[in-house]
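Coordinate analysis (summary)
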Amino acid sequence: MLQVGLSPPRCPGAAAAACPMAEPAAGEEPGTGPEALGSSPVTIVVTSEADTWDIDDTSSCRGRGHFVDWAKMPEPQGPARIPRDVLGRPPKELKRLAREGCWAGSHAGRARLYPRLIQRVSCRLVTPDALVYRDVAGRLFGKPSVSSHPLPEFLEGCPVPTYCLSPHGVTALKKILICVGALFPDITHSPLLPALAALLLHYSEDEAQCFESLSRLIASNAPHAAYIDQSFLAHQASCMTFGDLASKHCPAAHKLVAGAAENVLEVYSEWLSWLFPGLPFGYAVRVLDVFLLEGQKVLYRIALALLKQFRLSAAPAGPQGCDVKAELQAFVRNIAEHLTVDKLLERAFAIRLFSRKELWLLHMANRKALVERGITVVQRRPSFHLAVDMQKFSSSTVTAQEMRLVWSWIPERFSLFPPLLLFSTSEDGCSLQRFYTCCEGYEPTVLLIKTTEGEVCGAFLSSDWAERKKSGATSGFFGTGECFVFTVRPEAERYEWVLIKKPELAKAVPRSRQRSPSPAPESALGSSRDSSSPKHLAVPSAQRRGRLSPFLAIRHFLLPSKTASMFMAGSRDGIVIGKGGSVSVWGDRYRPGAPPESPRAPQPKPCRGSGFAARGCGAPARPCPPCVRGHRGRAQPALALQGEGEGQALSLDASLLRGRTEHCETFDNPPLCQENFQVQLLEVWGFQSA
């Protein structure tokens, strides 16, 4: 266990020179001692109350604190541009000034602003302050007798950067962290906390002020705006949330990481360390400028921008080695060779993320999945294993490597669970009724299709196929915005809901309208089944009330057309993924509207009124016209959905042997394989709960 020794007080003016940490230990390389916390006892230097940092615009030592090694401290990035009434500006204006680096040109300006900005953070009524710190530190470190105090257990496995702190500053940092452990015993894991403490200490008058600022961030109770994760459960949920965001906003980089890493979640579990301590001090403190105003959301933005730039720097050959985690860390350390801090922030804020509330809901869904997996609030750092076991996974449709890529596209809260084969035409036969029987009760599912031409494509389907029964005799579309279609061979590519890639196509629905009931049960998100069912994984309770993040909740959007939210539909005649048009799926070479004389055209059956046509998400489908003429008085095939001139992403007939794929408005995808195809093998995979 890490120990900290105590010694009698020394003269404050001689602290930096007299502190034993300033000299490297025997056998230690110079320059490595104070940069990280070691396992040997460290001398605590007790400073007097008079040894404070007096900062004002007329000071000859502006912003120069006794915790900083000024030989390491970078020079300000230009003249200070802080308005005199900066603290009186509206919150939106303050955010703009921070993003533009308004106080990046003045260390003294940061020292004045940081405590005042943090005082505005809403926190719990009983939050330890500077007076409490002085009392606790006096009891812990004020005795002249030598004793030892272990560093907090939440530091185990967490990097503790020291940046530009002097040896005296490193000692003060350790005292602050020890007091945090004593006054916040519920913290069990917090990789971000030591880095924040170190950065704030650079701009603090004394240890007590730094502690108070840190305490307010820890005790923040602002709705949906947490600053610091304080348990492994919360931290891992944040890592999964980042994985979801990377999959949505950085598809090319995500694909690169998924192809180079055995475990994508393990790579994304390091995302916070890309920022702290990964970024150089000049970059890290600019991130802190905005973080104090905007919370954890800004950290997601910066990390996503870094991931995008990593992909651009690694292209076209991709990562040079097999350790993509190490290459990402090396890239971030040398970020100055690729991007200036201003350009990094500019690219980060160009990414359109969800609101804090919507990110919080996604975080809670991931948290629930971890709880289902057996992770508890008090648990430390358990070992995670890849959900797709390379030794045990077996499929006749895709290889284990291909399935791992598909699993990396799935929302993180589901990809924690290993795949479970629900249906296969090779084992269960080519029966649509059997397909429904095997798949009903499972949510979500992955559909995989291998054609006779060797092409492989499929779909991630977020809702239970039993949802189709809610329309009664009619057939309608259902599902959520998490549905997507994809190709695996010859090229791997994913096509998500069009509003994820093009959010400008829709406008947010006013809150007063969000509470109104949806037009039909199918538009409700997720199944109405109890979320505690072992077959329905990690669906937050908020889903039952229709309060989900935008890529989940259709009702949060004014859609450009009805077909923009047609995800999945099923009837006795076949299944359809994506928005439908009046096209046929029969025959791998049959074209809609082919003349009756064509020898390749099938002989269609008379119209019995069993065909259906989609009106919109959740709306019941209308029967097809009495007879769509053109085939000697006979109707076109019954599975053809009557849409607005667009096709389906995927459609299969009742035999599960013939299908068709076209461009579809819901996913804005090209044909996923040969437009009219014959099925060689079809599989449906579910998720095996713990």
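As the structure is a computational prediction, the values presented were derived from the model and not from experiment.

Rules used in this analysis
Residues numbered from 1 in each chain as written. Predicted model: local features only at pLDDT ≥ 70, side-chain atom pairs only at ≥ 80, totals over all residues. Heavy atoms only, no water. Buried < 20%, exposed > 50% of the residue type's maximum accessible area, 1.4 Å probe, protein only. Helix = DSSP H or I, 4+ residues; strand = E, 2+ residues; numbered from the N terminus. Pairing = 2+ DSSP bridges. Salt bridge = Lys/Arg side-chain N within 4 Å of Asp/Glu carboxyl O. Expected span 1.5 Å × (residues − 1). Contact = heavy atoms within 4.5 Å. Polar contact = N/O pair within 3.5 Å; in protein donor to acceptor, adjacent residues only side chain to side chain. Axes fitted to C-alpha atoms, helices over the stretch in contact; angles between N-to-C directions. Parallel < 35°, antiparallel > 145°, perpendicular 65-115°, else oblique. Nonpolar A, V, L, I, M, F, W, Y, C, P; charged D, E, K, R; others polar. pLDDT = per-residue confidence, 0-100.

1. So, the pairing of strand β6 (residues 456-461)
Taking burial as the measure, the six residues of β6 include six buried ones, the bulk of the element. Pairing of strand β5 (residues 445-451) with β6, which is carried by six bridges, proceeds in the antiparallel orientation. The partner of Val446 across the bridge, within β6, is Phe460. Turn length for the β5-β6 hairpin, with the two strands adjacent in sequence and antiparallel, is four residues, and the turn residue Gly454 shows positive phi of about 85°. Relative to strand β7 (residues 484-489), β6 runs antiparallel, the two being bridged by five bridges. Each residue of the ladder has a partner; that of Cys457, found in β7, is Thr487.

2. Examining the environment of Leu361
Residue placement: Leu361 occurs in helix α16 (residues 356-372). Along the sequence, Leu361 and Thr241 sit 120 residues apart, while their C-alpha atoms lie 9.9 Å from each other.

3. Here's the deal with the pattern of salt bridges
Applying the stated criterion across every chain yields a total of 22 salt bridges. Across the salt bridge formed by Asp653 and Arg658, the nearest N and O atoms sit 3.0 Å from each other.

4. So, helix α7 (residues 207-218)
Every α-helix winds through 3.6 residues per turn, so residues three or four apart in the chain are directed the same way. Counted at 1.5 Å a residue, the expected span for α7 with its twelve residues is 16 Å, and the 16 Å between its end C-alpha atoms agrees. With eleven of twelve residues buried, α7 lies mostly within the body of the structure. The set of residues buried in α7 consists of Glu207, Ala208, Gln209, Cys210, Phe211, Ser213, Leu214, Ser215, Arg216, Leu217 and Ile218. Looking at the buried positions of α7, the neighbouring elements they touch are α3 (107-119), α4 (130-141), α5 (167-183), α6 (192-202) and α12 (281-294). The backbone nitrogen of Ala208 lies 3.3 Å from a side-chain oxygen of the residue at the head of α7, namely Asp206.

5. Remarks on unusual backbone geometry
The omega torsion of the bond from Phe276 to Pro277 falls at 15°, within 30 degrees of zero and hence cis. Among the secondary structure elements, Pro277 is positioned in the loop between α11 (271-275) and α12. Of note, the bond from Glu443 into Pro444 is cis; its omega dihedral lies within 30 degrees of zero at 0°. Relative to the helices and strands, Pro444 resides in the loop between α20 (432-439) and β5. The phi dihedral of Tyr163 falls on the positive side, at around 50°, and the residue is not glycine. Position of Tyr163 relative to the elements: it lies in the loop between β3 (148-150) and α5. The phi dihedral of Leu656 is positive, around 60°, even though this residue is not glycine.

6. Comments concerning the pairing of strand β12 (residues 574-577)
Of the two faces of β12, the one lined by Gly574 and Val576 and the one lined by Ile575 and Ile577 are each fully buried. In the sheet, β12 pairs with strand β15 (residues 650-653) via four bridges, with the strands oriented antiparallel. Residue pairing across strands places Val576 opposite Ser651, the latter belonging to β15.

7. Regarding the packing of α6 against α12
Put simply, α6 and α12 touch, their axes get as near as 11 Å, and they point 95° apart. In this view, α6 runs roughly perpendicular relative to α12, as classed from their interaxial angle. Contacts between α6 and α12 pair Leu192, Leu196, Leu199, Leu200 and His202 from the former with Phe281, Ala284, Leu288 and Phe291 from the latter. Split by residue class, the contact of α6 with α12 holds eight nonpolar, one polar and no charged.

8. Description of the confidence of the model for the protein chain
The predicted coordinates of low-pLDDT regions are not to be read in fine detail. Here the protein chain averages 73 in pLDDT, while 66% of its residues score no lower than 70. Note that residues 1-64 has pLDDT below 50 and, in this model, 109 contacts with residues that lie over four places away or in other chains.

9. Description of the environment of Ala130
Of note, Ala130 is situated in helix α4. Note: C-alpha distance between Ala130 and Glu212 (82 residues apart in sequence) is 5.2 Å. Excluding its chain neighbours within four sequence positions, the residues that come into contact with Ala130 are Ala208 and Glu212.

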